[in-house]
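Per-entry structural report
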Amino acid sequence: MRLALVNLGYLAASVLFILTFKGLSHPRTAVRANLLGSVGMLVAVVATLLLLGRDGATGYAVILGGMAVGGIIGVLLALRIRMTAMPQMVALLNGFGGAASVLVAGAALLEALAMGQVPSAQFTVATVGAGIIGTVTFWGSLVAFAKLEEIIGGRPLMFSGQRALNAALLLGSVLLGGWLVVTPEAAWLYWVIVAAATVLGVTAVLPIGGADMPVVITLLNSYSGLAACATGFVLDNNMLIVAGSLVGASGIILTQIMCRAMNRPIANVLFGGVGAEVVTADDDVYAGRVKSVSADEIAMVLEAARRVVIVPGYGMAVAQAQHAVRDLARLLEGRGVEVEFGIHPVAGRMPGHMNVLLAEADIPYEKVKEMDAINPSFAQTDVAIVIGANDVVNPLARTDPTSPIAGMPILDVDKARTVIVIKRSLSPGFAGIPNPLFAAENTLMYFADGKQAVLDLIDAAKQAA
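Please read these numbers as outputs of a predicted model, since none were measured by experiment.

1. With respect to the nonpolar core
Judged by nonpolar contacts, the single largest core of 44 residues is most densely connected at V308, I310, F341 and I385. In this view, I310 contacts V325, A329, V339, E340, F341, G342, I385 and I387; residues no more than four positions away in its chain are not counted. Within the second largest apolar cluster, 25 residues are counted, among which are V215, C259, M371 and A416.

Shown next as structure tokens:
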């Protein structure tokens, strides 16, 4: 009876997880989807505790204590984390998931051997899988976190023979895993595998540049799910298998979407070749052609506009300008101007970064348009306002086949009648290349902090009225 209730609980949790992923596909249903996912996880935890029964009663205190400590840490992080640091938070969560899989699988192996059991082939294969994937996820996520936090800088870090080393580490880990499957009593091999995968996790992410971190984060998210799935086979836990499979599959799908959005083959991500080429900004692109303007001049341009598209980027996130941008949009709409927001799939440092910020500012979902939906309308747009975006609006992606971003779909803001770029300076974006848009005939540059610039623009627009 107890086992039947546990399986029923796992089934209910699985359905809730599936509904969660469905709801997360749109910002309007994302909050409810998160709630469903939380309820699903609660059901899964309760069912697992029920599975332990009286035999596991002595361990309840440890489990509940761990949950309490983890819950407190999670609440503190959620309250203190900056919206601009959300990608770093996601990277750490991916890493912790991978580390948990490594430790649980290793503990299960040691426990089985201590009890005199001979682990099955499924058990040892799954243990090896959890060890390799989980370790790569943990250390790769830490490197991604360090790059996003600029602890080690966002530029690619490469050395001679790096790819050959990565291939050797992966092959060596797999061969050691095969040895462990054949001789499961040699538990020390598991920790050798973990050591090799540790180096692989670091060297696989080091050569990836900051411009491609959104792809890396989604890939590491998928890895954490696959590691959890493998751990589910180790523990023979159906819930963990289902949940890990869902996370792994969704992460791979999102990675493919991100790769298409950046015109990057997924193989480049898997083998640590993403964003390896960095080009220094060339002053010749801008010399004598950049038109710097004031807030008053921009207000006069907006006075005659009937359609405005706002394109946010990471600079808006850093400046925490989303609420000021909302106020500007409402001011323009009050004058009868049609205002929409154009979002590139990889704007910011993680998928959906800009969507989250705009939702936080209570900007209506229907006004937030994805790249494919907004691009055809730029030719009929009076003013495109770019706030802190760079690579995702760089025309070199269309015109220069030698550029690191060549072929990457971009937001076609340069086709608008007037382009207003709000940026601190002419410094390059994550890709490290100049942006000819800044020197285009129809572009006006407003050099300032994103939030202060928009606030000054609102004041100027009110005075112009």
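Having put the structure on the table, let's press on.
2. With respect to the environment of V242
Locating V242 in the fold gives a position in helix α9 (residues 238-262). Overall, V242 belongs to the partly exposed group, its relative accessible area being 30%. It is 37 Å that separates the C-alpha atoms of V242 and R155, two residues lying 87 residues apart in sequence.

3. Thoughts on the packing of helix α4 (residues 86-114) against helix α8 (residues 213-235)
Contact pair α4 / α8: the axes reach a minimum separation of 9 Å and the direction vectors enclose 20 degrees. The angle between the axes of α4 and α8 places the two elements in the roughly parallel class. Here α4 and α8 pass one another in a crossing that is left-handed. Touching P87, V90, N94, G98, S101, V104, A105 and A108 of α4 are I217, L220, N221, S224, A227, A228, T231, V234 and L235, all from α8.

4. Regarding the side chain of T198
Within the element layout of this structure, T198 appears in helix α7 (residues 188-205). At 2.8 Å, the side chain of T198 and the backbone oxygen of V194 are in polar contact. Among all residues touching T198, those that are not within four sequence positions of it are T135 and W139.

5. Considerations on the pattern of salt bridges
What the rule picks out here adds up to 10 salt bridges. Salt-bridge contacts for R307 lead to E338; the nearest nitrogen and oxygen are separated by 2.9 Å. One end of the pair, R307, is in strand β1 (residues 307-312); the other, E338, is in strand β2 (residues 338-343), and 31 residues separate them in sequence. Among the residues examined, R307 registers a relative accessible area of 8% and is labelled buried. We note a salt bridge from R398 to D412, for which the minimum N-O separation is 2.8 Å. Of this pair, R398 sits in helix α16 (residues 396-399) while D412 sits in the loop between α16 and β5 (418-423), placing them 14 residues apart in sequence. Judged by relative accessible area, which is 41%, R398 ranks as partly exposed. Here the salt bridges share partners, and the residues they tie into one network are R398, D412, D414 and K415.

6. A word on the packing of helix α1 (residues 2-23) against helix α2 (residues 27-52)
Any two packed helices are characterised by the angle at which their axes cross and by the distance between the axes. Their axes nearest at 8 Å, the elements α1 and α2 cross at an angle of 165 degrees. Here α1 is positioned roughly antiparallel relative to α2, judged by the angle of their axes. In terms of crossing hand, the pair formed by α1 and α2 is left-handed. Taken together, the residues of the contact of α1 with α2 break down into 18 nonpolar, 7 polar and 1 charged.

7. A closer look at unusual backbone geometry
Peptide bonds are, in most cases, trans, and in most cases residues other than glycine have a negative phi. Positive phi, close to 55 degrees, is recorded for D236, a residue that is not glycine. Looking at where D236 falls in the secondary structure, it is placed in the loop between α8 and α9. Its identity is not glycine, yet D362 carries a phi of approximately 60 degrees, on the positive side. Positionally, D362 belongs in the loop between α14 (353-360) and β3 (368-370).

8. Some words on α1
Between the first and last C-alpha of α1 there are 31 Å, a value that for 22 residues agrees with the 32 Å anticipated at 1.5 Å per step. All buried positions along α1 are accounted for by V6, G9, Y10, A13, S14, L16, F17, T20 and G23.

9. A word on α7
Here α7 is 18 residues long and its end C-alpha atoms lie 27 Å apart, about the 26 Å a rise of 1.5 Å per residue gives. Considered for burial, the residues of α7 that qualify are L189, Y190, I193, V194, A196, A197, T198, L200, G201, T203, A204 and V205.

10. Considering the packing of aromatic side chains
This model, assessed by the stated rule, comprises 3 aromatic pairs. Summarising the aromatic geometry, the rings of F138 and W139 are spaced 5.1 Å apart at their centres and angled 75 degrees between planes, so their arrangement reads as edge-to-face. Ring plane angle 85 degrees and centroid distance 4.8 Å describe the contact between Y190 and W191, whose orientation is recorded as edge-to-face. A relative accessible area of 0% means that Y190 is categorised as buried. Residue W191 is classed as partly exposed on the basis of its relative accessible area of 37%.

Criteria and cut-off values
- Residues numbered from 1 in each chain as written.
- Predicted model: local features only at pLDDT ≥ 70, side-chain atom pairs only at ≥ 80, totals over all residues.
- Heavy atoms only, no water.
- Core = buried A, V, L, I, M, F, W, Y, C linked by side-chain atoms within 4.5 Å.
- Buried < 20%, exposed > 50% of the residue type's maximum accessible area, 1.4 Å probe, protein only.
- Contact = heavy atoms within 4.5 Å.
- Helix = DSSP H or I, 4+ residues; strand = E, 2+ residues; numbered from the N terminus.
- Axes fitted to C-alpha atoms, helices over the stretch in contact; angles between N-to-C directions.
- Parallel < 35°, antiparallel > 145°, perpendicular 65-115°, else oblique.
- Left-handed = near helix turned anticlockwise from the far one by under 90°.
- Polar contact = N/O pair within 3.5 Å; in protein donor to acceptor, adjacent residues only side chain to side chain.
- Salt bridge = Lys/Arg side-chain N within 4 Å of Asp/Glu carboxyl O.
- Nonpolar A, V, L, I, M, F, W, Y, C, P; charged D, E, K, R; others polar.
- Expected span 1.5 Å × (residues − 1).
- Phe/Tyr/Trp six-rings, centres within 6.5 Å; stacked < 30°, edge-to-face > 60°.

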